[in-house]
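Chains, contacts and geometry: an overview
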Amino acid sequence: MKRPPSDPRRLFLRFMASIVVLHTAAIAGFYALDISAAAERHQKLYAWGWMGLTVAVVLVGLQRLKRARRRDRSR
């Protein structure tokens, strides 16, 4: 019988999936909005927005993992 995945492991998999979904959506948006043909200013804004969202998702995900690992160790 398999053990259910621990809370930190489950959160890590959710964290990785959220990064993949974010980048997939950003790449799809890049091609759907034809950003490569847009003005340089729009390209930069798109890139900075993408990077900002990535940083936000990573920081939130890492904080959640840190809290989950602390809870898991205290058991």
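Residues numbered from 1 in each chain as written. Predicted model: local features only at pLDDT ≥ 70, side-chain atom pairs only at ≥ 80, totals over all residues. Heavy atoms only, no water.

With respect to the helices, strands and loops of the structure, Ser-6 is situated in the segment before helix H1 (7–32). The exposure class assigned to Ser-6 is partly exposed, which follows from its relative accessible area of 26%. (Helix = DSSP H or I, 4+ residues; strand = E, 2+ residues; numbered from the N terminus. Buried < 20%, exposed > 50% of the residue type's maximum accessible area, 1.4 Å probe, protein only.)

Glycine aside, residues mostly have negative phi angles, and peptide bonds mostly take the trans form. Even without glycine at this site, Asp-34 takes up a positive phi of about 50°. Along the chain, the position of Asp-34 falls in the loop between H1 and helix H2 (40–74).

To continue, consider H1. The periodicity of an α-helix, 3.6 residues per turn, causes residues three or four positions apart to be oriented the same way. Helix length check: H1, at 26 residues, gives a terminal C-alpha distance of 37 Å against a target of 38 Å (1.5 Å per residue), a fit within 8%. Within H1, the full set of buried residues consists of Asp-7, Pro-8, Leu-11, Phe-15, Ile-19, Leu-22, Ala-26 and Gly-29. (Expected span 1.5 Å × (residues − 1).)

Under the counting rule described, the total for this entry stands at 3 salt bridges. Across the salt bridge formed by Arg-10 and Asp-7, the nearest N and O atoms sit 2.6 Å from each other. Of this pair, Arg-10 and Asp-7 both sit in helix H1, 3 residues apart, which is roughly one turn of the helix. Arg-10 sits in the partly exposed class, given a relative accessible area of 39%. For Glu-40, the salt bridge is made with Lys-44, and the minimal N-O distance between the two is 3.3 Å. Of this pair, Glu-40 and Lys-44 both sit in helix H2, 4 residues apart, roughly one helical turn. Overall, the relative accessible area of 46% leaves Lys-44 in the partly exposed class. (Salt bridge = Lys/Arg side-chain N within 4 Å of Asp/Glu carboxyl O.)

Any link to function would need more than the numbers given here.
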